[in-house]
Amino acid sequence: MERSRSRESTLKRMSDILVGLVARPYSDRSVDSAVHKLEACAARTKIQWESDKQSQAAERDMLKSAEGLADVMQLAAGDQDEKRLNQIFGDEGCHRFWRVRHVLAEASLDPGSFRDARWQALQAAADTLEQALRRWGLLHYFEVGPPEAISYDGFPAVLRPGAAVLQAPTVAGGAAPCTLRWTVEPSLPPMLTLDAGTGAVTGRPWAGVEVEERAYKIT
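Residues numbered from 1 in each chain as written. Predicted model: local features only at pLDDT ≥ 70, side-chain atom pairs only at ≥ 80, totals over all residues. Heavy atoms only, no water.

Moving on, we come to the overall build of the chain. In terms of regular secondary structure, the chain is built from seven helices and seven strands. Counting all 219 residues of the chain, 38% fall into the buried class. Partitioning the contacts of the chain with sequence separation of at least 6, the portion at a separation of at least 24 is 69%. Carbon and sulfur atoms form 51% of the exposed surface of the chain, whose accessible area is close to 13400 Å². (Helix = DSSP H or I, 4+ residues; strand = E, 2+ residues; numbered from the N terminus. Buried < 20%, exposed > 50% of the residue type's maximum accessible area, 1.4 Å probe, protein only. Contact = heavy atoms within 4.5 Å. Areas by Shrake-Rupley, 256 points an atom, 1.4 Å probe, with all protein chains shown as cover.)

Following this line, the structure appears as structure tokens:
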């Protein structure tokens, strides 16, 4: 009797999950948010943290974001709405798919994290979605074009000494951040670096060092 109740409870939870997925289909906004979060987490894992605790926290966040995005991509792979699939991951939104592929290929993780079920699930979801896009004839290779606008929203005017800096760019139109090559003029202060592959500004300001205020052009 107890086993029967447990099985019924498990089936009900699975049914509730499926109903929830149907009731809340993925959207371009939700996918953009998930992909951007994954890219931001990927940039954090590349920072040379001062402690293993900080590095482990960055990887935990990375795996958590991978888990959520894997669920979305698996949902998209089974979508029968060709128009929506095309809009979000196909011809009109292929940059989202290739941005995920880029992170999967370039991620800096501990070997154990690469073997984590959540990371493996994202790999599998990307493969499944690619097969679905091919089946529908919607798989397109992303052609890099100049973005319409680049911004670093929320970048603080004053940086606190010792506090980690991680600021990823927001790109409007054109190429996705991870498909571009980034440069800055003049060079950033020595405690900050620009990731040429993602456009993220990272670093850790030094104590007792003042930097003259000036404008920097990132392209």
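Attention now moves to the packing of aromatic side chains. Where two aromatic rings form a pair, the distance of their centres and the angle of their planes describe that pair. Tallied over the entire structure, the rule returns four aromatic pairs. On the basis of an interplanar angle of 40° and a centroid distance of 6.3 Å, the ring pair of Tyr 26 and Phe 89 is categorised as tilted. Taken together, the positions of Tyr 26 in the loop between α1 (2-23) and α2 (28-45) and Phe 89 in the loop between α4 (82-88) and α5 (94-106) put the pair 63 residues apart, joining distant regions of the chain. Accessibility expressed as a relative area gives 5% for Tyr 26, which makes it buried. An aromatic cluster is built from Phe 97, Trp 98 and Tyr 141, whose rings are joined through pairwise contacts. (Phe/Tyr/Trp six-rings, centres within 6.5 Å; stacked < 30°, edge-to-face > 60°.)

Attention shifts here to the pattern of salt bridges. Across all of its chains, the model carries seven salt bridges by this definition. One salt bridge in this structure joins Arg 84 and Asp 79, with 2.9 Å as the shortest N-O distance. Classification of Asp 79 as buried rests on a relative accessible area of 8%. Here the salt bridges share partners, and the residues they tie into one network are Arg 101, Asp 127, Glu 130 and Arg 134. (Salt bridge = Lys/Arg side-chain N within 4 Å of Asp/Glu carboxyl O.)

Contact geometry of α2 with helix α3 (residues 52-77) gives a least axis separation of 9 Å together with a crossing angle of 155°. In terms of orientation, α2 lies roughly antiparallel with respect to α3. The element α2 and its partner α3 pack so that their crossing is left-handed. For the pair formed by α2 and α3, the contact residues are Val 31, Ala 34, Val 35, Lys 37, Leu 38, Cys 41, Ala 42, Arg 44 and Thr 45 on the first element and Ala 57, Ala 58, Glu 59, Asp 61, Met 62, Ser 65, Ala 66, Leu 69 and Val 72 on the second. Its residues placed into classes, the contact of α2 with α3 shows 12 nonpolar, two polar and four charged. (Axes fitted to C-alpha atoms, helices over the stretch in contact; angles between N-to-C directions. Parallel < 35°, antiparallel > 145°, perpendicular 65-115°, else oblique. Left-handed = near helix turned anticlockwise from the far one by under 90°. Nonpolar A, V, L, I, M, F, W, Y, C, P; charged D, E, K, R; others polar.)

Here Asp 79 is to be found in the loop between α3 and α4. Here Tyr 26 takes part through its side chain, which lies 2.6 Å from a polar atom of the side chain of Asp 79. A distance of 2.9 Å separates the side chain of Asp 79 from the side chain of Arg 84, its partner in a polar contact. Excluding its chain neighbours within four sequence positions, the residues that come into contact with Asp 79 are Tyr 26, Arg 84, Leu 85 and Trp 136. (Polar contact = N/O pair within 3.5 Å; in protein donor to acceptor, adjacent residues only side chain to side chain.)

Here we come to the nonpolar core. Counting residues in hydrophobic clusters, the biggest one holds 36 residues, and the most contacted among them are Met 62, Met 73, Phe 89, Trp 119, Leu 122 and Leu 129. Of all the elements in the fold, those that place two or more residues in this core are α2, α3, α4, α5 and α7 (117-136). The greatest single-element share of this core, amounting to nine residues, is contributed by α3. For Leu 122, the contacting residues outside a window of four places in its chain are Leu 38, Ala 66, Leu 69, Ala 70, Met 73, Val 100 and Leu 104. Among the nonpolar cores identified, the runner-up in size contains 11 residues, and Val 165, Trp 182, Met 191 and Leu 192 belong to it. (Core = buried A, V, L, I, M, F, W, Y, C linked by side-chain atoms within 4.5 Å.)

Before going further, it helps to examine the environment of Ile 218. Along the chain, Ile 218 falls in strand β7 (residues 217-218). Placed 19 residues apart in sequence, Ile 218 and Gly 199 show a C-alpha to C-alpha distance of 8.3 Å. Contact partners of Ile 218, with chain neighbours within four places excluded, come to Ile 150, Tyr 152, Trp 182, Thr 183, Val 184, Leu 194 and Val 201.

An ideal rise of 1.5 Å per residue puts 28 Å on 20 residues; α7 measures up with 28 Å between its terminal C-alpha atoms. Two to three positions downstream of the cap, the backbone nitrogen of Arg 118 sits 2.8 Å from a side-chain oxygen, assigning the N-cap of α7 to Asp 116. (Expected span 1.5 Å × (residues − 1).)

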